[in-house]
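Summary of structural features
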Amino acid sequence: MVSGRTNKRDDRRRNRLKTIILLIFSLILLIIVTIAWFTMSEEVGSSGMQMSVVGTNFEITNISDSRDGIFKDPYHIAVHDEQALYWQMTSSNNLKNYNEYVDEDNPGDQGIHPGSEGVISFNVTPKVDSINLDFDFEIIGYQASYSNNELVMTPLSDLSGGEGTTAQNMLNGHILLFEHRSGTAGNYTYSTPICSNADMIRVMNRTVTGKDTATQIDIYWVWPNTLSTIVDASASGVTTSPFCEDNDAYNYNSYTAIKNNVESYPHYYLKGASAGDHISAVTDIGAHYSYYGDMYDQGDNEIGMRVHYVLIKLSVTEGTAAGGGS
């Protein structure tokens, strides 16, 4: 067990590290977002802009009073699929990609960073009394560069020598999605995680009722500031409590779901870990938090060094009821 004195020293060092990360991310990590439903799209208006996505028994639309994110042109346009709907944002539903630059005193949104959180939303309108849908989320990192004065957006997976692999892995464990949250800003409790699987896809299943009636679906996102907000590290004397609980307000074992994901895919959370590593949240992370907490912080640094932009893609298909958060 690590002594309390060592914990305090390590906490101070991690706090300094996080400050550096915040400065880095405020400059280089921006967000672009899309909905990539590969069903038949309905084009509205003479401009041909896709305003909704239509399946056999459902329709997807942006929420009211929303508009394109501020990084649409040119970054989002460079990676957008012609069959996909642009996921639009509002002042309260965004990924720090809504407020435009005004001046030095009002620099606008500069992107997400460790410790940031928010919500993004869209509408589902069933064309039948009840429909069960699978929502598949994917988070993809890009590097931006210019060649002959033309923007080039390169996915991390296409970087030479596999140098983007670790950063892409880290995105799957450092930007988390949830179906629910409660509490107040800066002190939220999150429920029903939408965790990444081995294929780096996160699946949420939801049954939506009410024929021809739009239902707003909210997805809560958070970039945990430290590993201790995900995994219980009290055995090492860390006082920060995880922001998920078992048997929570939504009758879901959210903490166990996150803990199991960390144990199943440690290479998404801890830089230096491999997919086949057997790392226990209790006997390893909880008991030796200083070591594993640093690995998590190094993952933040890896994202900061490698990732310029992040694309969130969402595919929606009719499914079978299976619950969410797995």
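Residues numbered from 1 in each chain as written. Predicted model: local features only at pLDDT ≥ 70, side-chain atom pairs only at ≥ 80, totals over all residues. Heavy atoms only, no water.

1. Concerning the overall build of the protein chain
Assigned secondary structure in the protein chain consists of six helices and 13 strands. In the protein chain, once contacts between residues fewer than 6 apart in sequence are set aside, the share between residues at least 24 apart is 76%. About 14900 Å² of surface is accessible on the protein chain, with carbon and sulfur atoms providing 47% of the total. (Helix = DSSP H or I, 4+ residues; strand = E, 2+ residues; numbered from the N terminus. Contact = heavy atoms within 4.5 Å. Areas by Shrake-Rupley, 256 points an atom, 1.4 Å probe, with all protein chains shown as cover.)

2. Let's talk about helix α4 (residues 254-264)
Restricting attention to buried positions, one finds in α4 the residues Ser254, Tyr255, Ala257, Ile258, Lys259, Asn261 and Val262. Taken together, the buried residues of α4 touch β9 (176-182), β10 (189-193) and α5 (281-286). (Buried < 20%, exposed > 50% of the residue type's maximum accessible area, 1.4 Å probe, protein only.)

3. Some thoughts on the pattern of salt bridges
According to the stated counting rule, one finds seven salt bridges in the structure shown. Between Lys127 and Glu59 there is a salt bridge whose closest N-O contact spans 3.3 Å. Separated by 68 residues along the polypeptide, Lys127 in the loop between β6 (117-126) and β7 (130-147) and Glu59 in strand β4 (residues 58-61) bring together distant segments of the chain. You can call Lys127 partly exposed: its relative accessible area is 32%. For Arg306, the salt bridge is made with Glu302, and the minimal N-O distance between the two is 3.3 Å. (Salt bridge = Lys/Arg side-chain N within 4 Å of Asp/Glu carboxyl O.)

4. Thoughts on helix α6 (residues 289-306)
Taking 1.5 Å of rise per residue, 18 residues should cover 26 Å, and α6 covers 26 Å from first to last C-alpha, within 8% of that figure. In terms of burial, α6 is a largely internal element, 13 of the 18 residues being buried. (Expected span 1.5 Å × (residues − 1).)

5. Side note on the environment of Arg202
Counting through the fold element by element, Arg202 comes out in strand β11 (residues 202-209). Owing to a relative accessible area of 1%, Arg202 belongs among the buried residues under this scheme. Linking Arg202 and Asp136, residues 66 residues apart in sequence, is a C-alpha distance of 5.5 Å. Look past the residues within four positions of Arg202 in its chain and what remains in contact with it is Phe135, Asp136, Phe137, Ile139, Leu171, Asn172, Ile175, Leu176, Leu177, Ile194, Cys195 and Ser196. Separated by 3.3 Å, the side chain of Arg202 and the backbone oxygen of Leu171 make a polar contact. (Polar contact = N/O pair within 3.5 Å; in protein donor to acceptor, adjacent residues only side chain to side chain.)

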